[in-house]
Amino acid sequence: MKAVEKQTVLVTGATGGLGKAFVLECARRGWEVFLTDQSLPSLETLAQSLRQMYGVQPYIFACDLADQKRRQELLAEVKARKLHFTMLINVAGVDFEGLFLNQLANNLISMLHLNVEAPLELMHEVIRLRRTESLFRIINVASMAAFYPMPHKAAYAAGKRFLMDLSRAVNLELRPENATVTVLCPAGMPTNPWCVQAIAAQGWAGQLTTLDVGRVAYETLEAALLGKTVVVPGWLNRFIQGVSALVPTGLKMQWIASRWEKVRSKRIVNGELQAL
């Protein structure tokens, strides 16, 4: 299926590492963008950069997507501007790592509000605001964690699994409606200092599976325009996912738990890995 020449795209989590990569790739293609994230100053800075670099005039709206009331205000703003989209890119998300009982219940619940409720509601509502004469694309950002139950990232991985399964099922439902859903399942990406440290703490495995966010954004947009359902960037990551599908779930969980125990025992000081 061919992509339309003109796209109008809603991007959540727009000022984060991966979100910004998607925004820049959209702007590079000359697409119209509506950007949302929590920080208004960060959105304004990004919008100014897009005007200078690509000559586009983005719409911006600061919103805590974990709050349903604020999500409704975002949708009301879209309707007030009479915008009609051809694409929704759900990037916004958060991760709390560590043993389940060591984490604050409020953090876990807040994470599920953002990682599960927000993309679900936006999928459900934004498609009603689509440009009906065009193909409509949804991209949901899940994770390689969606393929496995993950000790030390239990609620995060479970939420991403929900998003992956939801995307697959809704994709089949929406095809008669001239719409598709693509779910992105990346490995580690150096999107912020914490992620860089976590990748480094995993040693050679983290380095080999990590991909540049710009490459991930480009490959995912291309895949979405072709109507692909699941995107796992990087040949090594696809190989790992394929092989791991043959391994019993219990063994995978034991291995993942041992890996994250090692990661938790390290930190970066002055650019070097040191034991805690």
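Below is a short write-up of the structure. Worth saying up front: this structure is predicted, and the values here are computed from it rather than measured.

Moving on to the packing of helix α1 (residues 17–28) against helix α8 (residues 213–225). Remark: α1 packs on α8, axes separated minimally by 8 Å, with the N-to-C direction vectors making an angle of 55°. On the basis of their axis angle, the class for α1 and α8 is oblique. Along this stretch, α1 crosses α8, giving a crossing that reads as right-handed. Only V213, G214, V216, A217, Y218, T220 and L221 of α8 make contact with α1, whose side of the interface consists of G17, L18, A21, F22, E25, C26 and R28. Grouping the amino acids of the contact of α1 with α8 by side-chain chemistry returns nine nonpolar, three polar and two charged.

This paragraph deals with helix α3 (residues 68–80). Along an α-helix, residues three or four apart share an orientation, since each turn contains 3.6 residues. Its 13 residues place the ends of α3 18 Å apart at the C-alpha level, agreeing with the 18 Å of an ideal helix rising 1.5 Å per residue. Listing the buried residues of α3 in full gives R71, L74, L75 and V78. Looking down the long axis of α3, one finds its buried residues gathered within 95° of arc, a one-sided arrangement. Among the exposed residues of α3, those pointing more than 90 degrees away from its buried face are K69 and A80. At the N-terminal boundary of α3, the capping side chain belongs to D67, with an oxygen 2.9 Å from the backbone nitrogen of K69. Just past α3, the residue K82 takes up positive phi, approximately 55°.

So, about the nonpolar core. F22, L35 and I89 are the most contacted members of the largest nonpolar core, which totals 32 residues. Elements supplying a minimum of two residues to this core: β1 (8–12), α1, β2 (32–37), α2 (40–54), β4 (87–90), β5 (136–141) and α8. With near-sequence residues (within four places) excluded, F22 lies in contact with I89, V91, I139, V141, L184, A217, T220 and L221. With 28 residues, the next largest nonpolar core counts C63, L114, L163 and L174 among its residues.

Rules used throughout
- Residues numbered from 1 in each chain as written.
- Predicted model: local features only at pLDDT ≥ 70, side-chain atom pairs only at ≥ 80, totals over all residues.
- Heavy atoms only, no water.
- Axes fitted to C-alpha atoms, helices over the stretch in contact; angles between N-to-C directions.
- Helix = DSSP H or I, 4+ residues; strand = E, 2+ residues; numbered from the N terminus.
- Parallel < 35°, antiparallel > 145°, perpendicular 65-115°, else oblique.
- Left-handed = near helix turned anticlockwise from the far one by under 90°.
- Contact = heavy atoms within 4.5 Å.
- Nonpolar A, V, L, I, M, F, W, Y, C, P; charged D, E, K, R; others polar.
- Expected span 1.5 Å × (residues − 1).
- Buried < 20%, exposed > 50% of the residue type's maximum accessible area, 1.4 Å probe, protein only.
- Arc of directions from axis to C-beta.
- Polar contact = N/O pair within 3.5 Å; in protein donor to acceptor, adjacent residues only side chain to side chain.
- Core = buried A, V, L, I, M, F, W, Y, C linked by side-chain atoms within 4.5 Å.

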